[in-house]
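Observations on the three-dimensional arrangement
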Amino acid sequence: MSHTRAATRTALVVAALAMPLASTASADTFQSVMQGLAKDMNRVQSALFIEDFATATEAAEAIADHPKPSLGERRRVLSAVGNRVSEFRGMDQQVHDTAEQLADAAREQDLDRAIRYHGRLVTECIACHSAFRDKVSSDLSRLSPDNAPER
Ligand code: HEC
């Protein structure tokens, strides 16, 4: 199962990278993707408080399947991350995996497990911020979209 998922993801990444720029013009900035994650985290939490498992499941799946930033944004973030790309990707992968587990727990209406995975997710989000946010933010502002050539 997780092999299939990993293979699917790899295929998606390859497909996304192979796409011409025009069709990746989702124009999602890295920041807007992050803001979406924060919204979905809040939705999960609010749903768990009222045991609305359907919403918790849906929001957790949205975290697991969050949109990718545009190709230009991905390049920029990865160049800011430098030689720690695998660490960065690993942290991203952990968030995906935990979000899947949270979705499973919510789907099974297992409140205790869902709360545990929610807590783990918060920790994992913040771990990446502690490790990378300053680095990416300063590099991103130096290379802000305003300074980037038209795509
Ligand atoms: C792989 C690393 C990584 C993971 C995992 C990660 N983030 Fe982030 N996040 C970042 C970086 C880097 C920034 C700073 C981006 C910038 O300043 O341009 C950021 C910024 C943010 C911001 C601020 C956006 C803004 O408007 O400036 C929010 C909110 C956020 N993340 C939420 C989350 C949530 C919620 C999760 C977990 C579900 C999460 N992040 C997981 C790397 C990560």
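Description of the structure in this document.

Conventions adopted
- Residues numbered from 1 in each chain as written.
- Predicted model: local features only at pLDDT ≥ 70, side-chain atom pairs only at ≥ 80, totals over all residues.
- Heavy atoms only, no water.
- Phe/Tyr/Trp six-rings, centres within 6.5 Å; stacked < 30°, edge-to-face > 60°.
- Helix = DSSP H or I, 4+ residues; strand = E, 2+ residues; numbered from the N terminus.
- Buried < 20%, exposed > 50% of the residue type's maximum accessible area, 1.4 Å probe, protein only.
- Contact = heavy atoms within 4.5 Å.
- Donors = N, O, S within 2.8 Å, 3.2 Å for Na, K, Ca; no water.
- Axes fitted to C-alpha atoms, helices over the stretch in contact; angles between N-to-C directions.
- Parallel < 35°, antiparallel > 145°, perpendicular 65-115°, else oblique.
- Left-handed = near helix turned anticlockwise from the far one by under 90°.
- Nonpolar A, V, L, I, M, F, W, Y, C, P; charged D, E, K, R; others polar.
- Near = heavy atom within 4 Å.
- Polar contact = N/O pair within 3.5 Å; in protein donor to acceptor, adjacent residues only side chain to side chain.
- Salt bridge = Lys/Arg side-chain N within 4 Å of Asp/Glu carboxyl O.

Summed over all chains, the structure comprises two aromatic pairs. Consider the rings of phenylalanine 30 and phenylalanine 88, whose centres lie 6.4 Å apart with planes at 35°: the pair is tilted. In this pair, phenylalanine 30 sits in helix α2 (residues 30–49) while phenylalanine 88 sits in helix α5 (residues 85–107), placing the two residues 58 residues apart along the sequence. Each member of the pair phenylalanine 30 and phenylalanine 88 is classed as buried. Pairwise contacts between aromatic rings join Phe30, Phe88 and Phe132 into one cluster.

Locating glutamate 124 in the fold gives a position in helix α6 (residues 111–142). Glutamate 124 has contacts with Gln94, Val95 and Thr98, leaving out every residue within four places of it along the chain.

For the rest of this paragraph, the subject is the coordination of the iron atom of the ligand. Protein coordination of the iron atom of the ligand is provided by Met34 (SD) and His129 (NE2), with donor distances spanning 2.0 to 2.2 Å. For methionine 34, a relative accessible area of 31% gives the class partly exposed. The exposure class of histidine 129 is partly exposed, given its relative accessible area of 30%.

Okay, the packing of α2 against helix α3 (residues 53–64) next. Contact geometry of α2 with α3 gives a least axis separation of 8 Å together with a crossing angle of 160°. Comparing the axis directions of α2 and α3 gives the class roughly antiparallel. Between α2 and α3 lies a crossing whose hand is left-handed. Where α2 approaches α3, its residues Leu37, Asp40, Met41, Arg43, Val44, Ala47 and Leu48 are matched on the opposing element by Thr55, Ala56, Glu58, Ala59, Ala60, Ala62 and Ile63. Taken together, the residues of the contact of α2 with α3 sort by class into ten nonpolar, one polar and three charged.

This next bit is on the site of the ligand. What surrounds the ligand is a group of 19 residues, the closest being Met34, Gln35, Cys125, Cys128 and His129. With respect to the ligand, the side chain of histidine 129 contributes an N or O atom lying 2.7 Å from a nitrogen atom. Measuring from an oxygen atom of the ligand, one finds a side-chain N or O atom of serine 137 at 2.6 Å. At the level of elements, α2, α5 and α6 are the ones that each hand at least two residues to the shell around the ligand. Sorting elements by how many residues they give to the shell around the ligand places α6 first, with eight residues. In terms of residue class, the shell around the ligand is made up of 13 nonpolar, four polar and two charged.

You can see histidine 66 is positioned in the loop between α3 and α4 (71–81). Its relative accessible area of 16% is what places histidine 66 among the buried residues. The sequence separation of histidine 66 and valine 33 amounts to 33 residues, and the corresponding C-alpha distance is 7.2 Å. If we ignore the near neighbours within four places in the chain, the residues touching histidine 66 are Val33, Leu37, Asp92 and His96. Reaching out from histidine 66, the side chain makes a polar contact with the side chain of histidine 96 at a distance of 3.3 Å.

Summed over the entire model, instances satisfying the criterion amount to eight salt bridges. Glutamate 58 serves as the salt-bridge partner of arginine 43, at 2.8 Å between the closest nitrogen and oxygen. Of the two residues, arginine 43 sits in helix α2 while glutamate 58 sits in helix α3, which places them 15 residues apart along the sequence. Under the relative-accessibility criterion, glutamate 58 is labelled partly exposed at 42%. Taken together, the shared-partner salt bridges in this structure form one network comprising Asp40, Arg43 and Glu58.

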